[in-house]
Amino acid sequence: MSNKRDNLKRVIVDFKKLTPEILSLLVEKYPDGYDDDNIITFKNANNEIVEAVEVTTSDTKYLVKVSTKLQLTMENYDEDDYEEFEEDDPDAVQDPELGEVDPDLEMDDVDVDEDEDID
């Protein structure tokens, strides 16, 4: 008896190739982020060790390489950011801002309506 999952296409996804669809699946599967227990380690064709998290669609198993960029992008995920893009557009997911953020400057890039109550 063959398991249907054995027939899945396996695709390794680097952050540069991350699409809104795969990002959405990741956030759905790991709503609080992934941890060491979720990370799969394997060797790629070049015999390099790769760490990835796995998400599966009906026909494909995606192994998404873990990185600081991936973690930040998942933490800041908002599906509205991607509504104007195709689900399979690898250019939709932009690099997050890396580096230290001054907490006093955090609100600078947020549009706030003066009349709006902020919780």
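Here goes a summary of the coordinates provided. (Residues numbered from 1 in each chain as written. Predicted model: local features only at pLDDT ≥ 70, side-chain atom pairs only at ≥ 80, totals over all residues. Heavy atoms only, no water.)

1. Brief notes about unusual backbone geometry
Reasoning step 1: The phi torsion at asparagine 47 lies on the positive side, around 65°, for a residue other than glycine.
Reasoning step 2: Tracing the sequence through the fold places asparagine 47 in the loop between β2 (40-43) and β3 (49-56).
Reasoning step 3: Asparagine 47 gets classed as exposed once you look at its relative accessible area, which sits at 55%. (Helix = DSSP H or I, 4+ residues; strand = E, 2+ residues; numbered from the N terminus. Buried < 20%, exposed > 50% of the residue type's maximum accessible area, 1.4 Å probe, protein only.)

2. Describing the pattern of salt bridges
Reasoning step 1: Counted by the stated rule, this structure contains four salt bridges.
Reasoning step 2: With its nearest N and O atoms 3.9 Å apart, the salt bridge here joins lysine 65 to aspartate 14. Taken together, the positions of lysine 65 in strand β4 (residues 60-65) and aspartate 14 in the loop between β1 (9-13) and α1 (20-29) put the pair 51 residues apart, joining distant regions of the chain.
Reasoning step 3: Residue class for lysine 65 comes out partly exposed when judged on its relative accessible area of 29%.
Reasoning step 4: Given the relative accessible area of 23%, aspartate 14 is considered partly exposed.
Reasoning step 5: Of the charged contacts in the structure, one is a salt bridge between lysine 61 and glutamate 54, with a shortest N-O distance of 4.0 Å.
Reasoning step 6: Accessibility expressed as a relative area gives 16% for lysine 61, which makes it buried.
Reasoning step 7: Among the charged side chains, a salt-bridge network with shared partners connects Asp14, Lys16 and Lys65. (Salt bridge = Lys/Arg side-chain N within 4 Å of Asp/Glu carboxyl O.)

3. Some words on helix α2 (residues 68-75)
Reasoning step 1: Listing the buried residues of α2 in full gives Leu70, Thr73 and Met74. Buried residues of α2, viewed axially, fall in a sector of 100°; they line one side. Within α2, the exposed residues directed more than 90 degrees away from the buried face are Thr68 and Glu75.
Reasoning step 2: Looking at the buried residues of α2, the elements they touch are α1, β3 and β4. (Arc of directions from axis to C-beta. Contact = heavy atoms within 4.5 Å.)

4. Examining the environment of aspartate 59
Reasoning step 1: Looking at the element boundaries, aspartate 59 is found in the loop between β3 and β4.
Reasoning step 2: Between the C-alpha atoms of aspartate 59 and asparagine 7, which are 52 residues apart in sequence, the distance is 7.8 Å.
Reasoning step 3: Setting aside residues no more than four positions away along its own chain, aspartate 59 makes contact with Leu8 and Lys9.
Reasoning step 4: Reaching out from aspartate 59, the side chain makes a polar contact with the side chain of threonine 60 at a distance of 3.0 Å. (Polar contact = N/O pair within 3.5 Å; in protein donor to acceptor, adjacent residues only side chain to side chain.)

5. Let's talk about the environment of leucine 18
Reasoning step 1: Mapped onto the elements, leucine 18 comes out in the loop between β1 and α1.
Reasoning step 2: Overall, leucine 18 belongs to the buried group, its relative accessible area being 0%.
Reasoning step 3: Sequence-wise, leucine 18 and alanine 92 are 74 residues apart; in three dimensions their C-alpha atoms are separated by 8.4 Å.
Reasoning step 4: In this structure leucine 18 touches Val13, Leu23, Leu26, Val64, Leu70, Asp89, Pro90 and Val93, once residues within four positions along its chain are discounted.

These figures come from the coordinates and say nothing about function on their own.
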